[in-house]
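Commentary on secondary and tertiary structure
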Amino acid sequence: MKVAMYSAQSYDRFSFDKVNEEYGHEFLYLDIDLNLFTVKLAEGCEAVCIFVNDQADAKVLQALLNIGIKTLVLRCAGFNQVDLEVAKELGIQVMRVPAYSPEAVAEHAVAMILTLNRKTHKAYNRVREGNFSLVGLTGFNLHRKKVGVIGLGKIGLAFSKIIHGFGCEVLAYDPVIQSYPDYINVIQLEELLQESDIISLHCPLLKDTLHLINKERLALMKDGVMLINTSRGGLVHTRDIIEALKKRKVGFLGIDVYDQEEKLFFRDLSGNIIEDDDILRLMSFPNVLITAHQGFFTSEALNEIAHITLQNLMNAEKG
Ligand code: NAD
């Protein structure tokens with residue numbers, strides 16, 4: 001199959017080319033996001049492969065169909081960037097990678113907690129400047145802290161297992177899950193928000209989880225709470241979190257994902273980068289740690305993503 005891969009980075013080429021020897025698809029690697037302007041670059045291909053910040057809304061899907069593309073494969077788990085209803089109406093087959101190395105994201109969430117708590121990001125810079133003072137670097141023990149997990153799916157469960165190993169009390173909220181290990185105390189969302197010292201988000205971005213963390217829910221949290229979001233940016237209302245940081249309601253914020261993330265990475269065909277004031281505001285807080293959606297980014301996960309995506313393409317080819 002001839003496949004246009006959008007947002008293709010050097011690591012995508014590396015992992016896909018290696019695995020593709022077994023499958024023999026033909027890839028057109030495009031170092032640009034899928035959007036209405038860039039759809040035409042896929043002309044002549046039979047399928048399109050996209051990542052988290054490529055936009056497959058109704059207009060883009062129609063434009064893909066207009067150039068004969070009926071297969072859309074996502075090399076990620078989240079699917080909030082695709083209008084699935086429209087894809088179904090247009091007869092465009094959409095496939096994703098529902099499960100790959102949940103430990104990769106879970107470990108990144110834990111790394112964010114430890115970095116923020118022990119202020120490792122600040123210590124790193126200080127020591128490199130020749131400053132070995134500990135002033136202002138006091139952390140806290142994770143042992144016996146209450147950690148609230150919102151979304152107890154594959155990543156939430158992997159995260160819970162690790163954090164339990166630190167001696168934390170694990171609280172969780174998930175409206176669907178029914179079976180989980182004994183050490184997890186599943187409770188209602190309101191109670192979790194009130195009780196937790198650290199809250200980590202692991203639920204998908206859906207219509208009913210958009211801005212799940214907003215002014216009202218932030219008000220329920222403990223003063224100085226640590227909030228970690230490695231799931232999807234839209235789960236958190238950015239302006240509300242900025243206000244909560246200003247008031248020190250939120251004491252630490254770790255985000256691997258961001259509400260307007262696609263704008264940060266979006267480049268039109270002339271290569272212009274759109275700026276975003278809120279992310280600059282967030283960066284101005286020393287107790288905020290931001291990474292560029294790298295939770296998934298381990299060699300094991302990249303290998304699994306390539307295998308599953310290439311298998312999806314093969315299944316599509318077979319019909
Ligand atoms: P999953 O489908 O296994 O688990 C999601 C869980 O969330 C399910 O148990 C579901 O019942 C629960 N849920 C649904 N609605 C909820 C709500 N309103 N409140 C609380 N829980 C709710 O998914 P997963 O593989 O664990 O992935 C979770 C999310 O992590 C994905 O949706 C994706 O957005 C994100 N993710 C991020 C990265 C990254 O690199 N940062 C990589 C992969 C996935």
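Look up a bit, the structure's there.
The rules behind the values
Residues numbered from 1 in each chain as written. Predicted model: local features only at pLDDT ≥ 70, side-chain atom pairs only at ≥ 80, totals over all residues. Heavy atoms only, no water. Near = heavy atom within 4 Å. Polar contact = N/O pair within 3.5 Å; in protein donor to acceptor, adjacent residues only side chain to side chain. Areas by Shrake-Rupley, 256 points an atom, 1.4 Å probe, with all protein chains shown as cover. Nonpolar A, V, L, I, M, F, W, Y, C, P; charged D, E, K, R; others polar. Helix = DSSP H or I, 4+ residues; strand = E, 2+ residues; numbered from the N terminus. Buried < 20%, exposed > 50% of the residue type's maximum accessible area, 1.4 Å probe, protein only. Contact = heavy atoms within 4.5 Å. Lys, Arg positive; Asp, Glu negative; His and termini not counted. Salt bridge = Lys/Arg side-chain N within 4 Å of Asp/Glu carboxyl O.

**Here we look at the site of the ligand**
- Close to the ligand lie 23 residues, the nearest being Lys154, Ile155, Asp174, Thr230 and Phe296.
- In this structure, Arg232 approaches the ligand through a side-chain N or O atom, which is 3.3 Å from an oxygen atom.
- Separating an oxygen atom of the ligand from a side-chain N or O atom of His293 is a distance of 3.4 Å.
- Burial of the ligand by the protein amounts to 86% of the accessible area it has alone, namely 870 Å².
- Of the residues contributing to the shell around the ligand, the split by class is 11 nonpolar, 8 polar and 4 charged.

**Some points on the side chain of Asn214**
- Tracing the backbone shows Asn214 in the loop between strand E9 (198–201) and helix H8 (215–220).
- Here Asn214 falls in the buried class, since its relative accessible area comes to 17%.
- A polar contact of 3.0 Å, which involves the side chain of Asn214, links it to the backbone nitrogen of Arg217.
- Asn214 has contacts with His237 and Asp240, leaving out every residue within four places of it along the chain.

**A word on the environment of Gln260**
- Checked against the element boundaries, Gln260 lands in the loop between strand E11 (250–255) and helix H10 (261–265).
- Between the alpha carbons of Gln260 and Arg128 there is a distance of 33 Å; along the sequence they are 132 residues apart.

**Looking at the side chain of Asp174**
- Counting through the fold element by element, Asp174 comes out in the loop between strand E7 (169–173) and strand E8 (184–186).
- Buried charge Asp174 goes without a salt bridge, the closest partner of opposite sign being Lys154 at 9.9 Å.
- Polar contacts involving the side chain of Asp174 include one to the main-chain amide nitrogen of Val176, which spans 2.9 Å.
- Residues in contact with Asp174, not counting those within four places in the same chain, are Gly151, Leu152 and Gly153.

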